[in-house]
Amino acid sequence: MASRTISKDIITLRGSAAIVSEFFGYAANSILYNRGIYPEESFSKVKKYGLTLLLTQDDGVKSFITGLTSQLSEWLEAGKLQRVVLVIMSKATSEVLERWNFNIETDAEVVEKGVIKEKSDKEIMREIQAIMRQIASCITYLPCLDEACVFDVLAYTDKDTTVPMAWVESDAKLINNPQMVKLHSFDTKIHKVDTIVSYKNDEWEDEE
């Protein structure tokens, strides 16, 4: 008698935290490349999510992003991370020009009771792929950054979260009267990530 094996795509809290933190690493690299924060030649091509993406080869930035994703994974697994914001600022004046907001909703039942969820890896990859495509095409909907810029990353966590010494309290680095563009979201069934980019509205200033 013929038989077949049926497999389910099981998502655990740790697995979901790994998926989301890895996404942040690739998304940060893509933003830094596509917004011209570092020279084009300092990035190399890799295949990920069925796409060709760019990763920085700058040792300092690589180390920063590696440390970032490791810490985010820890907070995600603990259910303590609410939002991550990549902020792009003028190098000369520190004025905030863009905020890439990644808002996170965590299934509390999974954190508290350790239940597992089901969702196919392919479906999650397709959702992430759609976001990465939007980041790659950001030049079509964001104003040109015509000055040297730097970036920082803000993490919004629960108040009772243990924060490593490398992280310091910061202001929200907000933009006055920003324009906003909502990107696609993705959901592992444990963590849902909504992406919104806000940017300085030069047209508003021109009208005043």
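Every value quoted in this text rests on a predicted model; they were computed, and no experiment measured them.

A.B. asks: For this particular structure, what's the right way to read the packing of aromatic side chains?
C.D. replies: The geometry of an aromatic ring pair is captured by the separation of the ring centres together with the interplanar angle, meaning the angle of the planes. Tallied over the full model, the rule gives 8 aromatic pairs. Residues tyrosine 26 and tyrosine 49 carry aromatic rings whose centres are separated by 5.7 Å and whose planes lie at 75 degrees to one another, so their mutual orientation is edge-to-face. You can see tyrosine 26 sitting in helix H1 (residues 13–34) and its partner tyrosine 49 sitting in the loop between strand E2 (43–48) and strand E3 (51–56), a full 23 residues away along the chain. There is no split in this pair, since tyrosine 26 and tyrosine 49 are both buried. For the pair tyrosine 33 and phenylalanine 43, a centre-to-centre distance of 5.2 Å together with 75 degrees between the ring planes defines the contact as edge-to-face. With a gap of 10 residues between them, tyrosine 33 in helix H1 and phenylalanine 43 in strand E2 connect regions that are remote in the sequence. Among the aromatic residues, those joined into a cluster by ring pairs are Phe23, Phe24, Phe102 and Phe186. Sitting over the face of the ring of tyrosine 49, lysine 48 holds its NZ or CZ atom 5.3 Å from the ring centroid.

A.B. asks: When you look at empty space enclosed by the protein in this model, what are you seeing that I'm missing?
C.D. replies: The rolling of a water-molecule-sized probe over the atoms marks out the regions of remaining empty space. Taken as a whole and judged by the stated rule, the model has 1 cavity of 30 Å³ or more. Lining the largest cavity are Phe24, Ala27, Ala28, Leu68, Val84, Leu86, Phe102 and Val153. Among the secondary structure elements, those contributing two or more residues to the lining of the largest cavity are H1 and strand E4 (81–90). Looking at the lining of the largest cavity element by element, the count peaks at 3 residues for H1. Residues of the lining of the largest cavity, tallied by class, amount to 8 nonpolar, no polar and no charged.

Parameters at a glance
- Residues numbered from 1 in each chain as written.
- Predicted model: local features only at pLDDT ≥ 70, side-chain atom pairs only at ≥ 80, totals over all residues.
- Heavy atoms only, no water.
- Phe/Tyr/Trp six-rings, centres within 6.5 Å; stacked < 30°, edge-to-face > 60°.
- Helix = DSSP H or I, 4+ residues; strand = E, 2+ residues; numbered from the N terminus.
- Buried < 20%, exposed > 50% of the residue type's maximum accessible area, 1.4 Å probe, protein only.
- Lys NZ or Arg CZ within 6 Å of the ring centre and 35° of its normal.
- 1 Å grid on protein atoms, 1.4 Å probe; cavity = no way out; pocket = protein on both sides within 12 Å on 5 of 7 lines; lining within 4 Å.
- Points joined across faces, edges and corners; volume = space filled by probe spheres on them.
- Nonpolar A, V, L, I, M, F, W, Y, C, P; charged D, E, K, R; others polar.

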